[in-house]
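# Reading the structure
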Amino acid sequence: MMTDQDTSQTAACHLDEQRLTAALRSAAKDASCVSLLRGALLHFVADPEDAMLSEAASSDGNDKGDTRASDMAATLARAVEHYADALLVMHAGHVVAVGDHHSLARHEAVGELMRLSPPRNVEGLMMPGFIDTHVHFPQLDIIASYGHCLIDWLNTYTFPAEQRFADPAHAAEVADAFLDALLCHGSTSAQVFATSHASSADALFRAARARDMRVHAGRVMMDRNAPPELLDSGVAALKDDERLIADWHGRDRLGYVLTPRFAPTSTPKQLEAAGQLLKSQPDLHLQTHLAENLDEVKWVAELFPDARDYLAVYEDVGLSHERTTFAHGIHLDDGMRQRIADQGASIAFCPTSNLFLGSGLFDRASARAIGMNISIATDVGGGSSLCQLESLKAAYQVGQLHGAVAHDVAGLASRANQPLTPWQGFYQLTLGNARAMRLQDKVGNLRPGMEADVIVLNPAATPLLARRTRWGQSGQVSLQEVLFALMMLGDDRVIREVHVAGQCRKLHGLMLSACSDTPFREPAAALMP
Ligand SMILES: [Zn+2]
């Protein structure tokens, strides 16, 4: 006998089937904008949580351990979709269908589409494109500059580099190089700081639009405590933001982000005006920095003596809400974490930057225990790589150091380490980062209707990785181990293919033309090496 739930599930499946068929028939009429990829595929549809499956499975074997292992296996099974042989159908920049190749190919409309546009076999593992939630494009050329800590680094390298962006030609040249570098590393979406020059944001948006990338960005607001050449006109400068919003926000795959650099470089009046602008446009995002460095925290307390704490400087003017990304958030207490969680804002954890500038160890476990939204980002140029695989490696190392630091300071291991599992790591770079930015209905996984940003990871990209993963040979290496090896040993050589809104931008490890005026077509199978 069918229950109400069975009936409604059957109805939902029927509706999905109707939608799928309609989408496939529509794609078949427009076959030149269709591409089909066949191969292994992995994406997340929920948070896999932090548990390492093998740890649970190898626990003491008693009933409690067995229960924990089966709970974790169930959580993972709900969160991860992995196909050894998937078919991914993309049309007009979106995913139309994804699933097991043999099952999907039996669908009449899929079969028809496959005859019109035969699938290309990919070598490696398809995933959604990575999302970088915090990165500064004007700092591309000062990445890996020797320095001490945040404030010195800003004064010595960042501010002089950003002054060059008064020249629109320079901004355009760096914007092109920056976005190509992001794509080369597998990041197809990003939330980006420009400089205080409106023209630098224009340059980035133009370059992103040419690549059809999902880029959310903003001009830096800064009306004090920086070189005069970089200061804007305070409240009056928000006219520039209003013009940029009108020109770019919501256009194609672009979004505008209000971008006060951080509390010390904006007057209270400018922060207040930013809060009013944010309130007047409910779909705008906001990005800034919070509690990265202890000297910075002290400086903010001096500059804002009436504020309860650093976070309150932003809260008091309405800058902390569900579309706010605070970069770093290292030096917070649980009360501040709880307020961020309650407001629905997120913290961008930037581990290569935190290690490079010696800013501190982000407490991921405390943030997650409270339910705070987290993303993982590069923070180039404070970060030392645009590669989000490097971010995962550094995040793992930061987590490991938590236990060691507690041991050194207290003389006993009073705090556990917080190693990042590969499941949590790859979830974070894709769906997790999309959720933190409230973009999960657009990017983050490859379900039908999502924007078709796809990368292909090659687990045998280097001789060492090939040995470690023995991909597809003996079957002795689990998927979990392959993913962990990729995050610990991988770099841009792992990113074998990159597809942005369904168009191929990197193939066989080589970047292709960025100009969307001449869209790339899947090469004939005979040409493939
Ligand atoms: Zn930053």
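Below, the structure is looked at part by part. (Residues numbered from 1 in each chain as written. Predicted model: local features only at pLDDT ≥ 70, side-chain atom pairs only at ≥ 80, totals over all residues.)

### Quick notes on the overall build of the protein chain
The cut-off we apply is this: Think of it this way: any DSSP run of H or I at least four residues long counts as a helix, any run of E at least two long counts as a strand, and we number them from the N terminus. Put plainly, a residue is buried at 20 or more neighbouring C-beta atoms within 10 Å of its own, exposed at 12 or fewer, and partly exposed in between, counting only other residues' C-beta atoms, which are placed from the backbone.
Within the protein chain one finds 19 helices and 17 strands. The 529 residues of the protein chain split such that 49% are buried.

### Here's the deal with the pairing of strand E13 (residues 373-376)
The cut-off we apply is this: For two strands to count as paired, DSSP must find a minimum of two bridges between them.
Where burial is concerned, the two faces of E13 agree: the one with Asn 373 and Ser 375 and the one with Ile 374 and Ile 376 are both buried. Alignment of strand E12 (residues 346-349) against E13, held across four bridges, turns out to be parallel. Opposite Ala 348, over in E13, you have Ser 375 as the bridge partner.

### A few points about the nonpolar core
What tends to happen in soluble globular proteins is that the nonpolar side chains get buried as a cluster. The line we're drawing: Joined through C-beta atoms within 7 Å, a set of buried Ala, Val, Leu, Ile, Met, Phe, Trp, Tyr and Cys residues constitutes a nonpolar core. Those domain boundaries reflect an automatic or database domain assignment. Note on contacts: each residue gets a C-beta atom placed from the backbone, and two residues are in contact if those atoms are within 7 Å.
By size, the foremost hydrophobic cluster in this structure holds 141 residues, and its most contacted members are Leu 88, Val 89, Met 126, Ala 175, Val 192 and Leu 204. Two domains each donate at least three residues to this core, and these are domain 1 (4-128 + 450-527) and domain 2 (130-436). Leaving out residues up to four positions away in the same chain, Val 192 has contacts with Val 135, Phe 137, Leu 204, Val 215 and Ala 217. One finds Leu 150, Trp 153, Leu 154 and Phe 356 within the second-largest nonpolar core, a separate group that totals five residues.

### Some details on unusual backbone geometry
For the bond running from Val 380 to Gly 381, omega is 10°, close enough to zero to count as cis. Its place among the elements puts Gly 381 in the loop between E13 and helix H16 (388-410). Of note in this structure, Ala 144 is not a glycine but carries a positive phi near 60°. With respect to the element layout, Ala 144 can be found in the loop between strand E5 (130-136) and helix H6 (150-163). Since 11 C-beta atoms lie within 10 Å of it, Ala 144 is described here as exposed.

### Here's the deal with the packing of helix H7 (residues 168-184) against helix H8 (residues 198-211)
Note the cut-off: In this description, a line fitted to the C-alpha atoms serves as the axis of each element, helices being fitted only across the stretch in contact, and the angle between N-to-C directions of two axes falls anywhere from 0 to 180 degrees. Any angle that is under 35 degrees is reported as roughly parallel, and any over 145 degrees as roughly antiparallel; angles of 65 to 115 degrees are reported as roughly perpendicular and all others as oblique. Handedness of a crossing is defined here by the sense of rotation of the near helix relative to the far one, left-handed for an anticlockwise turn of less than a right angle and right-handed for a clockwise turn.
It is the contact of H7 with H8, at a shortest axis distance of 8 Å, that shows an interaxial angle of 40°. With respect to each other, H7 and H8 are oriented oblique. Along this stretch, H7 crosses H8, giving a crossing that reads as right-handed. Within the contact between the two elements, H7 uses Pro 168, Ala 171, Ala 172, Ala 175, Asp 176 and Leu 179 and H8 uses Ser 199, Ser 200, Ala 203, Leu 204, Ala 207, Ala 208 and Arg 211.

### Things to note about H8
Spelled out, the test is: The span you would expect from a helix comes to 1.5 Å times its residue count less one.
Between the first and last C-alpha of H8 there are 20 Å, a value that for 14 residues agrees with the 20 Å anticipated at 1.5 Å per step. Where burial is concerned, most of H8 is hidden: ten out of the 14 residues are buried. Residues of H8 that are buried include every one of Ser 199, Ser 200, Ala 201, Asp 202, Ala 203, Leu 204, Phe 205, Ala 207, Ala 208 and Arg 211, and no others. Just downstream of H8, Asp 212 is the residue with a positive phi angle, here 55°.

### Section: the sheet that holds strand E14 (residues 454-457)
With respect to topology, eight strands assemble into an open sheet ordered E3-E2-E1-E4-E14-E15-E16-E17, the strand pairing being mixed. Two strands lie at the open edges of the sheet, namely strand E3 (94-100) and strand E17 (510-511), each paired on one side alone. Relative to strand E4 (residues 120-128), strand E1 (residues 34-44) runs parallel, the two sharing four bridges. Along E4, the bridge assignment pairs Leu 37 with Arg 120.

### Details of the pairing of strand E16 (residues 503-507)
Most of E16 is tucked away, with four of its five residues classed as buried. Inspection of the sheet shows strand E15 (residues 495-500) paired to E16 by three bridges, in the antiparallel sense. Across the sheet, residue Val 500 finds its bridge partner in E16, namely Gln 503. As judged from the two bridges shared by E16 and E17, these two strands associate in the antiparallel manner. Its bridge partner lying in E17, Leu 507 is registered against Leu 510. The antiparallel hairpin formed by E16 and E17 contains two residues in its connecting segment, where His 508 sits at a positive phi of about 50°.

### Thoughts on the packing of helix H17 (residues 422-436) against helix H19 (residues 479-489)
How we decide: Note that Gly is not counted as nonpolar here; it falls among the polar residues with everything else outside the nonpolar set of Ala, Val, Leu, Ile, Met, Phe, Trp, Tyr, Cys and Pro and the charged set of Asp, Glu, Lys and Arg.
Contact pair H17 / H19: the axes reach a minimum separation of 9 Å and the direction vectors enclose 65°. Considering only the axes of H17 and H19, their crossing is left-handed. Along its contact with H17, which presents Pro 422, Gly 425 and Phe 426, the element H19 presents Gln 480, Leu 483, Phe 484 and Met 487. A per-class count over the contact of H17 with H19 returns five nonpolar, two polar and no charged.

### Things to note about the environment of Asn 458
The topology assignment puts Asn 458 in the loop between E14 and helix H18 (463-469). Judged by the 23 C-beta atoms lying within 10 Å of it, Asn 458 falls in the buried class. Taking C-alpha positions, Asn 458 is 9.5 Å from Gly 509, a pair spaced 51 residues apart along the chain.

### Focus: the environment of Ile 142
Residue placement: Ile 142 occurs in the loop between E5 and H6. In sequence terms Ile 142 and Gly 382 are 240 residues apart; their C-alpha atoms lie 8.6 Å from each other. Not counting the four nearest positions on each side in its chain, Ile 142 is found in contact with Tyr 157, Thr 158, Ala 161 and Gly 381.

### A few points about the environment of His 82
With respect to the helices and strands, the residue His 82 is situated in strand E2 (residues 80-91). Distance in space between the C-alpha atoms of His 82 and Asp 100 is 9.2 Å, their sequence separation being 18 residues. Those residues in contact with His 82 that sit more than four places away from it in its chain are Leu 42 and Leu 479.

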